[in-house]
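# Observations on chain architecture
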Amino acid sequence: MSSAGVVISPSRDEFVLPTPGRGQDLGESIYIYVAMSDSMVPMRVLDSDSIESVKLRIQSYKGFVVKKQKLVCGGRELARSDSLIRDYGVTDGNVLHLVLRLSDLQVINVRTSCGKEFKFHVERNRDVGYVKRQIAKKKKGLLDFDEEEILCNGERLEDQRVINDICKNNDAVIHLFVRKSAKIRARPVEKNFELSIVASEQNGKTDYNVNRESGCENDEESSLVVPRKPPDREFWVEPIILNPKIELPPVIWDLIDSTYEGLDRGNYPIRSSEGTGGAYFMQDASGNKYLSVFKPIDEEPKAVNNPRGLPLSMDGEGLKKGTRVGEGAFREVAAYILDHPKSGPRSYSGEDKGFAGVPTTVLVECLHRGFNHPESVKVKIGSLQMFMENNGSCEDMGFSAFPVEEVHKISVLDIRMANADRHAGNILLSKGEDGQAVLIPIDHGYCLPESVSHLNSLLLLLIAETMCPGRSCHQATQGLKGPRVFEDCTFEWLYWPQARQPYSPETAEYIESLDAEEDIALLNFYGWDLPLESARILRISTMLLKKGVEKGLTPFAIGSIMCRETLNKESVIEEIVREAEDSVLPGTSEAVFLEAVSQIMDRRLEEIAK
Ligand SMILES: Nc1ncnc2c1ncn2[C@@H]1O[C@H](COP(=O)(O)OP(=O)(O)OP(=O)(O)O)[C@@H](O)[C@H]1O
């Protein structure tokens, strides 16, 4: 199975420097090296080249589309396309790590002999047998699972063949021509494949049996609670509860229990081909459905066991400014906890779905040999998030179809949480009952920069042991120096027209109900003792959102205050904080400092609202 999705063979190619146009900033010509999965390609560039142009060159030579590329240099993601490589301090001889974000979903088009067509998405890690079962399930009577046969380029495809391996080209679409009794052949059509299935009218059974691994003595369905952590088990999943007063709601227990059952049936975690860290799809007992996504902290970008080959962090800082390696899981959970439902915090309302729709997320310990264990198999800590059925991400669709309210709910979350990683790939797309697009925010590992560095001491020990087993690990426990907390805030939705429309009265009412002090207390209750400067971010972001809405500002106007226009120009929020810091005496109380921020913010908002 190809987990990364693309295999690149070692190459001696060199990317060629284009001839600069007349009057163009020539900059200095430098050599950089682009590190891919198993090759290092030299590239001659100008230090005045933009990140976008470097990516375009990689696209034209290697075929990886720009939006699927992530470049990392010196441990920092070169996230701003319009910034120049010299703005990021890239110099002669530097290595740029290329991480490809390949979609996990493949579009399957099915055409029947009577001309009926339907389309569905299938995860690239699934095999041909799974596709057949899905078609059979979707169109009862169309296929006979036992008799059908799939051919590609004249070759019979076995049920075990993985979709990603058949469809090497990322943009390829598999066409399945279903005819009732004819032998059907497959042929490549430009980028696409036409696959043909032998299918007969289906009246009988469909075999849904899944090929299971060992580890399960009893195949019968059982709702019994399986005792956890038995010594002879090679897998388990357990919630990490730091405060005994916390009662996990049924939705979380169901998620954990069903994930456990999937492992118990021998269904392996399947690593996502997207993302810079290790993210694993956990299957249900039947092996036909993903239930949850597990993201272990030791596989985060720049962590010890990162499966994408990103270099280890030397100072503990994560891929974004103000974030720390190994703390992504806590931020993921924090985003869920703070995404209060419209009807009020979950503890009162009992409702699970938050305003922005962050999927249910919980901190767990999980053991399975299918995770990335370069050395021995160890228990991992990470976030376990409910898998949300989707049709891809906002990267795959034009933003014009997104309802205004859907965009606004994401903006509220991102502003509050000072999210440093809201690119379009981190918003999944689904459809509501009314057929309208529903946006699902995921991947909140870079929220609340610096916010969870003072974790409960038990958690710190667990992290240290997970990140650096057997030795003391300052990297996992030290605080970062000099927080530049808002520096990497970027919001994809800022560029969408929906962000320029005012918030609806209902959304404004929700924003009005937010209370940063209650949020901080809630996180503390869950075991996260926020340090002063981290609590400050949450307070200032919430203050900005509330004041902005009172002044009638749009999400665009408020979001623009939080994001830098260019890499090296401070954002308005950074200027406000700096001015407030300069205006108070050292040792001033937090309340006085926040009052200074509030007054300066009022003045700046007044100017913006004019
Ligand atoms: N809750 C979810 N439901 C469905 N799919 C999910 C969910 N969470 C993650 N995924 C899928 O897994 C992929 C990888 O997850 P994610 O983006 O969180 O990983 P990451 O390594 O943090 O990525 P990034 O490089 O964007 O920071 C996503 O692109 C998405 O396709």
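Residues numbered from 1 in each chain as written. Predicted model: local features only at pLDDT ≥ 70, side-chain atom pairs only at ≥ 80, totals over all residues. Heavy atoms only, no water.

## A look at the confidence of the model for the chain
- When pLDDT is averaged along the chain, the result is 78; 73% of the residues meet or exceed 70.
- Ignoring residues within four places in sequence, the model shows residues 1–13, a span with pLDDT below 50, making 34 contacts including any to other chains.
- This model gives residues 470–483 a pLDDT under 50, and the stretch forms 24 contacts once residues within four places in sequence are excluded.
- Interface confidence for the predicted complex, expressed as ipTM, amounts to 0.97; the pTM equals 0.74. (pLDDT = per-residue confidence, 0-100. Contact = heavy atoms within 4.5 Å.)

## Some thoughts on a negative patch on the surface
- Among the surface-exposed residues, Glu 405, Glu 506, Glu 509, Glu 512 and Glu 550 lie close enough to one another that they form a single negatively charged patch.
- The greatest single-element share of the negative patch, amounting to three residues, is contributed by helix α10 (residues 505–513).
- Relative to the helices and strands, Glu 405 resides in helix α7 (residues 404–417).
- Relative accessible area serves as the criterion here: at 38%, Glu 405 is assigned to the partly exposed category. (Patch = residues over 30% accessible without salt bridge, like charges linked within 9 Å, V, L, I, M, F, W, Y side chains within 5 Å. Areas by Shrake-Rupley, 256 points an atom, 1.4 Å probe, with all protein chains shown as cover. Salt bridge = Lys/Arg side-chain N within 4 Å of Asp/Glu carboxyl O. Lys, Arg positive; Asp, Glu negative; His and termini not counted. Charge placed at Lys NZ, Arg CZ, Asp CG, Glu CD. Helix = DSSP H or I, 4+ residues; strand = E, 2+ residues; numbered from the N terminus. Buried < 20%, exposed > 50% of the residue type's maximum accessible area, 1.4 Å probe, protein only.)

## Examining the site of the ligand
- The full set close to the ligand counts 22 residues, and Thr 276, Gly 277, Lys 295, Met 388 and Asp 443 are the nearest of them.
- His 423 is positioned with one of its side-chain polar atoms (N or O) 3.1 Å from an oxygen atom of the ligand.
- Computed on the free molecule, the ligand has an accessible area of 620 Å², of which 96% lies beneath the protein chains in the complex.
- In this structure the site holding the ligand corresponds to the largest cavity.
- Of all the secondary structure elements, the ones that give two or more residues to the shell around the ligand are β16 (290–296) and β18 (380–386).
- Across the shell around the ligand, the residue classes tally to eight nonpolar, eight polar and six charged. (Near = heavy atom within 4 Å. Polar contact = N/O pair within 3.5 Å; in protein donor to acceptor, adjacent residues only side chain to side chain. 1 Å grid on protein atoms, 1.4 Å probe; cavity = no way out; pocket = protein on both sides within 12 Å on 5 of 7 lines; lining within 4 Å. Sits in = over half its atoms within 2 Å of the grid points. Nonpolar A, V, L, I, M, F, W, Y, C, P; charged D, E, K, R; others polar.)

## Focus on the packing of aromatic side chains
- This structure, assessed with the given rule, holds twelve aromatic pairs.
- Between Phe 491 and Trp 493, the ring centres sit 4.9 Å apart and the planes meet at 10 degrees, which makes this aromatic pair stacked. Here Phe 491 matches Trp 493 in class, with each residue buried.
- Ring centres 6.0 Å apart and planes at 90 degrees place the aromatic pair Phe 525 and Tyr 526 in the edge-to-face group.
- Residue class for Phe 525 comes out partly exposed when judged on its relative accessible area of 35%.
- Here the aromatic residues Tyr 280, Phe 294 and Phe 371 are joined through ring pairs into a cluster of three or more.
- Its end group placed over the ring of Phe 556, Arg 500 keeps NZ or CZ at 3.8 Å from the ring centre.
- One Lys or Arg, Arg 536, reaches over the ring of Phe 593 and ends 3.7 Å from the middle of that ring. (Phe/Tyr/Trp six-rings, centres within 6.5 Å; stacked < 30°, edge-to-face > 60°. Lys NZ or Arg CZ within 6 Å of the ring centre and 35° of its normal.)

## Description of empty space enclosed by the protein
- Across all of its chains, the model carries three cavities of 30 Å³ or more by this definition.
- Estimates place the volume of the largest cavity at around 810 Å³.
- In this structure, the largest cavity is lined by 47 residues; those nearest its centre are Ala 279, Lys 295, Asn 426, Ile 442 and Asp 443.
- Of all elements in the fold, only β16, α5 (328–338) and β18 reach the threshold of two or more residues within the lining of the largest cavity.
- Classifying every residue of the lining of the largest cavity gives 16 nonpolar, 17 polar and 14 charged. (Points joined across faces, edges and corners; volume = space filled by probe spheres on them.)

## Some points on the pairing of strand β5 (residues 95–100)
- Taking burial as the measure, the six residues of β5 include five buried ones, the bulk of the element.
- Pairing between strand β1 (residues 29–35) and β5: three bridges, direction parallel. Within β5, the position partnered with Ala 35 by the bridge is His 97.
- Across four bridges, strand β3 (residues 69–73) lies against β5 in antiparallel orientation. The partner of Leu 71 across the bridge, within β5, is Leu 98. (Pairing = 2+ DSSP bridges.)

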